[in-house]
Amino acid sequence: MTGLRFGYGSNGFANHRLGDALAVIADLGYSGVALTLDHAHLDPFADDLPRQLDAVRTELAARNLAVVVETGARYLLDPRRKHHPTLVSDDGRDRRVDLLRRAVRIAAELGAECVSFWSGILPPGADADTGWRRLAQGVGEVLDEAQRHGVPLGLEPEPGMFVERLDDAFELRKRLGDPELLGITLDVGHCVAVEPSSAAECVRLAGELLVNVQLDDMRPNVHEHLEFGEGNLDLPATLGALVEVGYRGLAAVELPRHSHAAPEVAARAATALRAAEWLAGATRRIRTTPDAVRTLFPAAGRHCGRGPLHPAGDPNGLVHGTVDDAARVAMLAALRDASTSPEVTAEVGDLYRYGDDAEKRGVLRGLPAVDGALPVDAGLELVRDALRSNDTRLVAAALGPYAAAHLDQHGWRHGVLKCLFVGVPLAAVAGLDRRADAELHRMVADFAAERLAAGRVVPPDGLALLALLAREWQGASERPLPLTTPVPAGHHDTEGTS
Amino acid sequence: MRIFDPHIHMTSRTTDDYERMHAAGVRALVEPAFWLGQPRTNVGSFTDYFDGLIGWERFRAAQFGIRHHCTIALNPKEANDSRCAEVLDVLPRYLAKDGVVAVGEIGYDSMTPAEDDAFAAQLALAVEHELPALVHTPHRDKITGTRRSLDLVRSSGIDPGRVIIDHLNEVTVELVLESGCWMAFSIYPDTKMDPDRMVKILQRYGLDRMLVNSAADWGRSDPLRTLRTGETMLAAGFTADDVDAVLWRNPVAFYGQSGRLVLDGLPGFGGSSAADTFAGNSVLRGARV
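Residues numbered from 1 in each chain as written. Chains lettered and ligands numbered in written order. Predicted model: local features only at pLDDT ≥ 70, side-chain atom pairs only at ≥ 80, totals over all residues.

S.K.: Can you break down the overall build of chain B residue by residue, with the values?
M.R.: Along the backbone of chain B there are ten helices and eight strands. The C-alpha radius of gyration computed for chain B amounts to 18 Å, which stays within 12% of the reference 19 Å derived for 289 residues, consistent with globular compactness. Expressed along its principal axes, the backbone C-alpha trace of chain B runs to roughly 55 × 50 × 35 Å. For chain B, with 289 residues in total, the buried portion stands at 49%. Long-range contacts, defined as pairs at least 24 residues apart, comprise 72% of the intrachain contacts of chain B with a sequence gap of at least 6. (Helix = DSSP H or I, 4+ residues; strand = E, 2+ residues; numbered from the N terminus. Rg over C-alpha atoms; globule rule 2.2 N^0.38 Å. Buried ≥ 20, exposed ≤ 12 C-beta atoms within 10 Å, placed from the backbone. Contact = placed C-beta atoms within 7 Å.)

S.K.: Before we move on, could you go through the overall build of chain A and cite the residues and values that matter?
M.R.: Looking only at helices and strands, chain A features 20 helices and ten strands. Once local pairs closer than 6 in sequence are excluded, the contacts in chain A between residues at least 24 apart make up 75%.

S.K.: Give a description of the nonpolar core that names residues and reports values.
M.R.: One finds Val115(A), Met331(A) and Ile72(B) to be the most contacted residues of the largest nonpolar core, which totals 226 residues. The element that contributes the greatest number of residues to this core is helix H9 (residues 262-288) of chain A, accounting for twelve residues. Three or more residues apiece are contributed to this core by two domains, here domain 1 (5-261) and domain 2 (289-435) of chain A. Beyond its immediate sequence surroundings of up to four residues, Ile72(B) is in contact with Ala33(B), Phe50(B), Leu53(B), Leu91(B), Tyr94(B), Leu95(B), Val100(B) and Val103(B). (Core = buried A, V, L, I, M, F, W, Y, C linked by C-beta atoms within 7 Å. Domains from an automatic or database assignment.)

S.K.: Residue-level account of the domain arrangement of chain A, with values.
M.R.: Looking at the assigned domains, one finds that chain A contains domain 1 (5-261) and domain 2 (289-435). On a C-alpha basis, the centroid separation for the pair domain 1 of chain A and domain 2 of chain A is 41 Å.

S.K.: Pulling in residues and values, what's your account of the pairing of strand S7 (residues 210-215) of chain A?
M.R.: Residue and element names in this part refer to chain A. The buried fraction of S7 is high, at six of six residues. The sheet contact formed by strand S6 (residues 182-187) and S7 spans four bridges and is parallel. Of the residues in S7, the one forming a bridge with Thr 185 is Asn 212. Bridge count between S7 and strand S10 (residues 250-253): three bridges; the pairing is parallel. Residue pairing in the sheet places Val 213 in a bridge with Ala 251 of S10. (Pairing = 2+ DSSP bridges.)

S.K.: Residue-level account of the sheet that holds strand S4 (residues 115-117) of chain A, with values.
M.R.: All names here are of chain A. Spatially, S1-S2-S3-S4-S5-S6-S7-S10 is the arrangement adopted by the eight strands of the closed barrel, whose pairing is parallel. Ignoring which end each strand starts from, the neighbouring axes of this sheet average 30 degrees apart. Pairing geometry for strand S3 (residues 66-70) and S4, over two bridges, is parallel. Note that in S4 the partner of Val 69 across the bridge is Val 115. Helix-sheet contacts for helix H3 (residues 93-110) involve S3 and S4, and the interaxial angle to S4 is about 155 degrees. (Axes fitted to C-alpha atoms, helices over the stretch in contact; angles between N-to-C directions.)

S.K.: Give a description of unusual backbone geometry that names residues and reports values.
M.R.: Going from His84(A) to Pro85(A), the amide bond is cis rather than trans, its omega being -15 degrees. Following the sequence through the fold, Pro85(A) ends up in the loop between S3 and H3. Look at the link from Gly104(B) to Glu105(B): it is a cis peptide, with omega at -10 degrees. Residue Leu42(A) is not a glycine yet carries a positive backbone phi of 55 degrees. Looking at where Leu42(A) falls in the secondary structure, it is placed in the loop between strand S2 (32-36) and helix H2 (49-62). What makes Leu42(A) buried here is the crowd of 21 C-beta atoms within 10 Å. In this model, Asn221(A) sits at a positive phi of 70 degrees, which is unusual for a non-glycine residue.

S.K.: An account of the environment of Phe170(A) is requested, with residue identities and associated values reported.
M.R.: All names here are of chain A. Note that Phe 170 resides in helix H5 (residues 166-175). A tally of 18 C-beta atoms within 10 Å means that Phe 170 is categorised as partly exposed. Distance from Phe 170 to Ala 206, taken between C-alpha atoms, is 8.7 Å for residues 36 residues apart in sequence.

S.K.: Residues and numbers for the environment of Leu364(A), please.
M.R.: Turning to its location among the elements, Leu364(A) is positioned in helix H13 (residues 357-370). Separated by 38 residues in sequence, Leu364(A) and Tyr402(A) have C-alpha atoms that sit 8.3 Å apart.

S.K.: Account for the packing of H3(A) against helix H4 (residues 128-149) of chain A, with residues named and values stated.
M.R.: Between two packed helices, what matters for the description is the angle formed by their axes and the separation of those axes. Residue and element names in this part refer to chain A. At their nearest, the axes of H3 and H4 sit 9 Å apart, and the two run at 25 degrees to each other. When the interaxial angle is binned, H3 and H4 end up roughly parallel. Judged by the sense of rotation from one axis to the other, the crossing of H3 with H4 is right-handed. Facing H3, whose interface residues are Arg 93, Arg 96, Val 97, Leu 100, Arg 101, Val 104, Arg 105 and Ala 108, H4 presents Arg 134, Gly 138, Glu 141, Val 142, Glu 145, Ala 146 and His 149. Its residues placed into classes, the contact of H3 with H4 shows six nonpolar, two polar and seven charged. (Parallel < 35°, antiparallel > 145°, perpendicular 65-115°, else oblique. Left-handed = near helix turned anticlockwise from the far one by under 90°. Nonpolar A, V, L, I, M, F, W, Y, C, P; charged D, E, K, R; others polar.)

S.K.: Tell me about the sheet that holds strand S7 (residues 182-186) of chain B, and name the residues and values.
M.R.: Residues and elements named next belong to chain B. Read from one edge of the open sheet, eight strands run S1-S2-S3-S4-S5-S6-S7-S8, paired in parallel fashion. Taken across any chain shown, the strands that pair with only one partner, and hence form the sheet edges, are strand S1 (3-5) and strand S8 (210-213). Direction aside, neighbouring strands of the sheet carry axes that sit 25 degrees apart on average.

S.K.: So what about the environment of Asn221(A)? Which residues, and what values?
M.R.: All names here are of chain A. Structurally, Asn 221 can be placed in the loop between strand S8 (217-219) and strand S9 (222-226). Note on Asn 221: 9 C-beta atoms within 10 Å, which makes it exposed. Between the C-alpha atom of Asn 221 and that of Glu 195, which follows or precedes it by 26 residues, the distance is 9.2 Å.

S.K.: Which residues make up the confidence of the model for chain B, and what values do they have?
M.R.: Residues and elements named next belong to chain B. In the predicted model, chain B carries a mean pLDDT of 92, and the fraction of residues at 70 or more is 93%. This stretch, residues 271-276, has a pLDDT under 50; its non-local contacts, to residues over four places away or in other chains, come to eleven contacts. In the predicted structure, residues 284-289 sits below a pLDDT of 50 and forms four contacts with residues beyond four places in sequence or in another chain. On the interface metric, ipTM, the complex scores 0.82, and its pTM is 0.85. (pLDDT = per-residue confidence, 0-100.)

S.K.: Could you give an account of the pairing of S2(A), naming the residues involved and the relevant values?
M.R.: Residues and elements named next belong to chain A. The buried fraction of S2 is high, at five of five residues. Burial of S2 is two-sided: the residues Gly 32, Ala 34 and Thr 36 facing one way and the residues Val 33 and Leu 35 facing the other way are all buried. Across three bridges, strand S1 (residues 5-9) lies against S2 in parallel orientation. Bridge pairing links Gly 9 to Ala 34 in S2.

So this is what it looks like as structure tokens:
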């Protein structure tokens, strides 16, 4: 759909024989492999390297896998010091240059699309000028080899290293006179961790210089490679940016600390990539042809999945929503960008009117994304419709930040009470602390008293809310509550069938 | 015996029927959009009905352990009412929905020009939305209607392997057999097929591309005619595997072409852990503790 080609990094299969790793990666539908030269995977110092190269080349061709060569092995040059020596070390820099030149020759032998490398950590005591000088010299020597073989190089900014951010990589290119064969490897997780702008924006900044992309999730300021969905990366937006800049290289999953469960992790990543790619294509289409939202919006669950966004604490997606909810929110944001306010109003109304329960939920969760383009009256009409329904997920989605910002106090209070009534966790109610008042306290207290009078239990959420409100609105309810009945979890009323 | 009823109008049936169907082995069904006894007079009446097919009825079926899918279309009889023609404009939205596994019922009632237009337009929609099509053959002048339907299917360019021609009988089956379309038979008291005649057709023409449905609706009909046909097949010497092919694997293969069949077990029916709600709906069957 987008023309992107996904690969998987062999360093995420460190416990597999290389041939086995290639088989698993190909069988999962990946188009290529980012091959880290390491002692167990095509050791560039092995005596029988030519024979190994033959075998790997045959294997790649048989499985129709593209390849890029990665050089980030931890203990290939020094068994005691991780990554040592580097291009900016005090000593041994020539050994790193030698490794990279070997990598270039191996890449040429394999028909690899590029050789990727990083700068290394600047030793204490060395100043920036020294760093630039060492780096320029080493990269210059590797570039000579690259020229001879016509293999592009990709310099990867790496958190904590001398070249840490994109800007540093641009600086080195400038110092070397913008050599044609010196491109950039971008790890999109690193962007989340250390770049000042989003991964998608970094993709746009690197633009035509991109020769290699690594895909993984990450949290800000933490250099830990995570599976998709575990960090803050906006994967669909990032893939969308790759399509936008016309990137044609390999985008390979980089999870070097997940080798213990590689096949499962790689399968999950493939699923996440397919979903994100579909969504990237969908939002792109909506931006050019807004009417396309009419058929893409209903299809989100089939392509992106329907599970909860945060299964651990929110198994039913009532609080944070579901994967398809998030996809639909992204589509609404695209619709807003591509349409006038009256168009947004008409389309959002129709998406809700003609939507099934999941689509209606997606519209409700997307209301903040169209706020401003959609008149508040029109948005509240949908919120009120949802609050009349019997669907717990619609009720939960209706009481998000949009209702917290716009819904009248009477309607909002009844929404909160309805949550208690039908079993929506109050964590789903945005702005509860801010908007709760004495009247809500009275309503919840009466609800609890009525339940107790009937010999029934008060939901734990109701008790928690009462305790919260009691602190704030002490004395608002004159009726003391005999809250001594033990409260089993998970019981709630229905709204009746007719 | 596991049963997939590929054509039944559950909107018109009671919860007792759902219970009996589950007890009989029905685990999945397709409810085609069709006419109600009372004619509709506007597009809104259709959209509320479609909303029910993709929402409420799916929920209702799930409470009885049955996976509900539907087909969406402007039916041939109401295609003749100009007040309803605009429903064609909203169909693309519904054809994109989860659980919509075909365009249907389309076809002929009285074979009017208006029916020609609606039929052709909706075959084109099936191609565009990559969905199979469910074609109803008329009660009156059935042979002519079946021939004309097959002609229109051929000229539409849709793959005949993605088309069901429904409500067939002894006089129309051979026309469809040659066409490559799937052959469906409604086992419906008095007006359509019965189990004994159905078994004879299966004995004569084999099990390939054969579908058996109850077509139960608001008329005098029986949602367990699928089960009865299975029993009659066994009594006539067909194997349990033959019955499974006709009553489960064939409809799964046909409607599976939509890519939208969901056949996992339902919460509370052994397939997965019991849940309080189905798709978030808090209105549940029976009294709650």
